[in-house]
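Each chain is listed here by its residues.
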Amino acid sequence: MKELENYIIKYGKVVSDDILKVDNFLNHKIDIKLIKKMAECWYDEFKNKGVNKILTIEASGIALATMVADRFNVNLVFAKKSKTTNMSNNLYQAKVFSFTHQVENVISVDKKYLNKEDKILIIDDFLANGEAVSGLINLAKQAEAEVVGVGIAIEKGFQKAGDKLRSEGINLKSLAIIDRMDPLNSEIIFRK
Ligand code: 5GP
């Protein structure tokens, strides 16, 4: 998606070899016009797949996934990263190693919110090592739901999770794929 690439070039900050900051439009301030257009791209891609639920992980995926759920006119479920006292014990759970915080989280979804009739579209902001997406796929599998696709805003192609998921037959649609980035001169190279 050319417009997303332009935003990344204009506002993205290459923090290190493998971390990109996009607080200006996606992770802190959220550009509503942009994420509406992103939702439209995923709608075009997956509209014939019978999607009846959007699944994401807290926190940064939620705003984006809400817009996508609105476009598909379906509900959104987000996996929680910590178990709160008012949560049920009837949970699907999976371990996910957080790329940005470098800690292992147990993510969970209440069993009543995922079920075997579901055709799920997973949405997240970044794809790095694929931990978050694999954890969400794991939760869907436990519920015997079908994952019909995965929509990612920014895939860091050099971290290989995208190539792995595609080789496993996952229908993955990333709106921008970065093949290389350099913190010294802030260079960002996109996959053609
Ligand atoms: P993965 O689980 O694929 O290793 O990492 C994806 C998750 O880590 C995303 O949910 C995202 O929140 C976070 N993440 C990974 N790489 C980046 C990055 O370069 N910048 C930011 N802001 N978040 C990232």
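Cut-offs and rules
Residues numbered from 1 in each chain as written. Predicted model: local features only at pLDDT ≥ 70, side-chain atom pairs only at ≥ 80, totals over all residues. Heavy atoms only, no water. Helix = DSSP H or I, 4+ residues; strand = E, 2+ residues; numbered from the N terminus. Rg over C-alpha atoms; globule rule 2.2 N^0.38 Å. Contact = heavy atoms within 4.5 Å. Lys, Arg positive; Asp, Glu negative; His and termini not counted. Charge placed at Lys NZ, Arg CZ, Asp CG, Glu CD. Core = buried A, V, L, I, M, F, W, Y, C linked by side-chain atoms within 4.5 Å. Buried < 20%, exposed > 50% of the residue type's maximum accessible area, 1.4 Å probe, protein only. Pairing = 2+ DSSP bridges. Axes fitted to C-alpha atoms, helices over the stretch in contact; angles between N-to-C directions. Near = heavy atom within 4 Å. Polar contact = N/O pair within 3.5 Å; in protein donor to acceptor, adjacent residues only side chain to side chain. Areas by Shrake-Rupley, 256 points an atom, 1.4 Å probe, with all protein chains shown as cover. Nonpolar A, V, L, I, M, F, W, Y, C, P; charged D, E, K, R; others polar. Expected span 1.5 Å × (residues − 1).

Q: Let's hear about the overall build of the chain: which residues, and what values?
A: Each helix and strand in the chain was counted, giving six helices and 10 strands. Over its C-alpha trace the chain gives a radius of gyration of 16 Å, about what one expects of a compact globule, namely 16 Å for 192 residues. A sequence separation of at least 24 residues applies to 61% of the contacts in the chain between residues at least 6 apart. Averaging the positions of the 29 positive and the 26 negative side-chain charges in the chain gives two centres separated by 2 Å.

Q: Any chance you could break down the nonpolar core for me, citing the residues and the numbers?
A: Core analysis: the biggest nonpolar cluster contains 35 residues, and I8, L20, M38, I54 and I154 have the highest contact counts within it. When contributions to this core are tallied by element, the ones reaching two or more residues are α1 (2–11), α2 (23–27), α3 (32–46), α4 (62–72), β7 (119–127), β8 (146–156), β9 (172–182) and β10 (187–190). In terms of nonpolar packing, the next biggest core, distinct from the first, is built from 26 residues, A132, V133, L136 and A140 among them.

Q: An account of the sheet that holds strand β4 (residues 75–79) is needed here, citing residue identities and associated values.
A: The six strands are arranged β4-β3-β7-β8-β9-β10 in an open sheet whose pairing can be described as mixed. Two strands bound the open sheet, and with one partner strand each, they are β4 and β10. When strand polarity is set aside, the average angle formed by the axes of neighbouring strands in this sheet is 25°. Bridge analysis of β9 against β10 gives four bridges, and the strand direction is antiparallel. Within the sheet, the bridge partner assigned to R180 lies in β10 and is I189. Across the sheet, α3 is in contact with β7, β8 and β9; its angle to β8 comes to roughly 140°.

Q: Give a detailed account of the site of the ligand, specifying residues and quantitative values.
A: In the neighbourhood of the ligand, 17 residues make up the surrounding shell, with L20, D124, N129, G130 and K156 lying closest. Here A128 contributes a backbone N or O atom positioned 2.8 Å from an oxygen atom of the ligand. Within the backbone of N129, one N or O atom sits 2.8 Å away from an oxygen atom of the ligand. When the ligand is considered free in solution it has 510 Å² of accessible area, and contact with the protein chains removes 89% of it. Listing elements by their share of the shell around the ligand, those giving two or more residues are β7 and α5 (131–142). Top contributing element to the shell around the ligand by residue count: β7, with four residues. Residues belonging to the shell around the ligand are distributed by class as follows: seven nonpolar, five polar and five charged.

Q: Provide a residue-level description of α5, including the pertinent values.
A: The end-to-end C-alpha distance of α5, which contains 12 residues, comes to 16 Å, matching closely the 16 Å that a straight helix rising 1.5 Å per residue would cover. Listed as buried for α5 are A132, V133, G135, L136, I137, L139 and A140. Among the residues trailing α5, E144 stands out with phi positive, at a value near 60°.

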